Amino acid sequence: MKTTTSTTAKTSRELLKSEPSLQFMRMAKFKPHAIVTYGKFVSSTTRPTQTNTNSLANLEKANENGYNGYMSDATRRNVKGILENLLTAIELNTTMAFPFVKGQEKPLNQVYPTFVTLTLPAKQMHCDNDIKRDIFTPFMQEMIRNWSVKCYVWVAETQQNGNLHFHVLMDRGIPAVRLRQIWNKHLNSMPYEYVNCYRRIQKYIYEDGFVFRNEMWEKRLKKEKERAKSEGKRLNPKAIKELKNKENQRQKEAHRKGVENDWTDPNSTDIHSIQNIKKLTAYVCKYFTKAPVLVAPVVHKDQKVTRNKSTGRLTIEAPDTQGELVKWEVINEAGKYYLETIRVQNDPVWGTSEIPERVEFQPQFENRKLHGRIWGAAEILKAPGTKPCPYMIALKTYTEAWNTYRVTSTRMQTFRVEVSQDLFGNPQYAYQDREVEHVFQEMTERKWFEEKKIAVKYLEILEKQEVTEQEIKDATAKAGPLFASQDSNRVIPLRETQKDYLQKYSPELWEEYKAHYETVFNTLYSPESLQQAA
């Protein structure tokens, strides 16, 4: 059969798949009080993230062999991220009103953030791990069992007096008096009896009636002076006198209540009021992610210690062995601490050059180290499928991809076909035109650029009207030298909350922001998620 092909053809193309071979994105992470932009590179040759078995094994180490007893920078960022996204989801999807109905014994079973600090009423006499295992864990189990707590985050830290205390965020409203009673009940469990110890001490102190306790007044005065200094103020004698009178009244009232209940109900809990706090996430994160206060290393007896306002690092000015004044800066890199200075060297050949000089030192902190686990959270807040994540946008995306198409080509072809036979049985042929379909696959490379215009415009407005370039540089520098070394990495600090600026400058982006945290909220409190967490 002989065929001939016509020159005209009908061709259709259907995209089967697009496989990016290279993709570069400038991402923006919308935090409650800042926007973080950074570059993200994805290649077809990029290997998937692998589990670091050494890192997992490190989690099982005992405190003395593994941890240094303080929260690392990476853990601090992780805890802060969980808190920010959980609180933002609750703020945007609830009324933030305490779920209590008059005449009802317990608050309604509704989502409401309770932020409480749990302390020991007497000097700590037991190991940190024992207190966490036998006092704090049963307390949290009771909160989950009897008060329907689903999502919670806790952090343990030590005070300057050496006592262990806890900061806890729970997602159910719990009356202050009832919470203190429950915590005191667990504090007084055998063999710890911290409430009984507190009772004996108070009875001894006030054996002859009320006495003004100067040590408590000195602590309060120190805090008030620090607060005034942070606000750029000073306490004058008149203000100090008024504060002392208030402290006297407070101690008298505490003494009266203590005598009434026979010193069996110590004020060991502090529920933080969150009703009128505009920057709620910043307020809570400040308590949960406090960095340990470093004691400045002694370089010289006549050294001068200051703090760099832009980087927050300690700076030490001290004379060296030759009597020249040298400025050292304390640097923390991957948990190791260094004293760094810049030495100016004059070389006859190469000229003047600046040479950095580093000396590693063993850090000391004001508070003692903690033994055992430092923080914890509900499993639903840590599981990959339910962990709350921030609202993120790809501002600009450059993509190179291989597109695979199914090509269907229809052509008219002429065929020689047998139509009949002559008298002698020989075949007779004729030529006929028919449509023939050819199907094959074709690969082509495609490059394109995408931009989220409303997000880019929103960032431009913030940088022009709300934030100065110097503020952005300072905030970026605080994120670390590695982060700041990349031009696409920037931290835009916000004076007001993110939601205020979104509502003001970008209503469309505000709707997307709300929708994201509505999804986060529904994921955390869906029946399926709660059942898996249980």
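Everything below is about the structure shown above.
Residues numbered from 1 in each chain as written. Predicted model: local features only at pLDDT ≥ 70, side-chain atom pairs only at ≥ 80, totals over all residues. Heavy atoms only, no water.

Our focus in this paragraph is the pattern of salt bridges. Evaluation of the coordinates by the stated rule reveals 32 salt bridges. Notably, a salt bridge pairs Glu215 with Arg213, separated by 2.9 Å at the nearest N-O pair. For Glu215, a relative accessible area of 40% corresponds to the partly exposed category. Three or more residues joined by partner-sharing salt bridges are found here, namely Glu224, Arg227, Glu231 and Lys233. (Salt bridge = Lys/Arg side-chain N within 4 Å of Asp/Glu carboxyl O. Buried < 20%, exposed > 50% of the residue type's maximum accessible area, 1.4 Å probe, protein only.)

With that settled, consider the side chain of Thr397. Here Thr397 shows up in strand 13 (residues 391-421). Take Thr397: its relative accessible area is 6%, and that puts it in the buried class. Excluding anything up to four places from it in sequence, Thr397 contacts Gln23, Phe24, Met25, Trp448, Phe449 and Glu450. (Helix = DSSP H or I, 4+ residues; strand = E, 2+ residues; numbered from the N terminus. Contact = heavy atoms within 4.5 Å.)

In this section: unusual backbone geometry. Going from Met190 to Pro191, the amide bond is cis rather than trans, its omega being 0°. Within the secondary structure, Pro191 is located in the loop between helix 4 (176-187) and helix 5 (194-205). Phi at Trp263 takes a positive value of approximately 60°, unusual for a residue other than glycine. Take Trp263: it is sitting in the loop between helix 7 (237-260) and strand 6 (269-271).

Here we come to the packing of helix 9 (residues 453-466) against helix 13 (residues 507-524). Two elements in contact, helix 9 and helix 13, have axes separated by 9 Å at closest approach and are oriented at 110°. Judged by the inter-axis angle, helix 9 sits roughly perpendicular to helix 13. Taking contact as the criterion, the partners of Ile454, Ala455 and Tyr458 in helix 9 are, on helix 13, Glu508, Leu509 and Glu512. Among the residues forming the contact of helix 9 with helix 13, the class breakdown is 4 nonpolar, no polar and 2 charged. (Axes fitted to C-alpha atoms, helices over the stretch in contact; angles between N-to-C directions. Parallel < 35°, antiparallel > 145°, perpendicular 65-115°, else oblique. Nonpolar A, V, L, I, M, F, W, Y, C, P; charged D, E, K, R; others polar.)

This brings us to the packing of helix 2 (residues 73-93) against helix 13. A pair of packed helices can be characterised by two numbers: the angle between their axes and the separation between those axes. Orientation of helix 2 relative to helix 13, taken along the N-to-C sense of each, is 105°, at an axis distance of 9 Å. For the element pair helix 2 / helix 13, the angle class is roughly perpendicular. Residues Asn85, Leu86, Thr88, Ala89, Ile90, Leu92 and Asn93 of helix 2 form the contact with helix 13, whose own contacting residues are Trp510, Tyr513, Tyr517, Glu518, Val520, Phe521 and Leu524. Residues belonging to the contact of helix 2 with helix 13 are distributed by class as follows: 10 nonpolar, 3 polar and 1 charged.

All right, on to the packing of aromatic side chains then. Inspection of the entire model under this criterion finds 23 aromatic pairs. For the ring pair Phe136 and Trp154, a centre distance of 5.2 Å and an interplane angle of 65° mean the geometry is edge-to-face. Pair noted here: Phe136 is in helix 3 (residues 128-147) and Trp154 is in strand 4 (residues 152-158), with a separation of 18 residues, a long-range link. Sitting over the ring of Tyr405, Arg13 keeps its end group 4.4 Å from the ring centre. Cation over ring: Arg416 sits above Tyr429, and NZ or CZ is 3.8 Å from the ring centre. (Phe/Tyr/Trp six-rings, centres within 6.5 Å; stacked < 30°, edge-to-face > 60°. Lys NZ or Arg CZ within 6 Å of the ring centre and 35° of its normal.)

Glancing now at a nonpolar patch on the surface. Taken together, Phe24, Phe41, Tyr398 and Phe449 make up a surface patch of nonpolar side chains, about 420 Å² in accessible area. With relative accessibility at 38%, the residue Phe24 sits in the partly exposed group. (Patch = residues over 30% accessible without salt bridge, like charges linked within 9 Å, V, L, I, M, F, W, Y side chains within 5 Å. Areas by Shrake-Rupley, 256 points an atom, 1.4 Å probe, with all protein chains shown as cover.)

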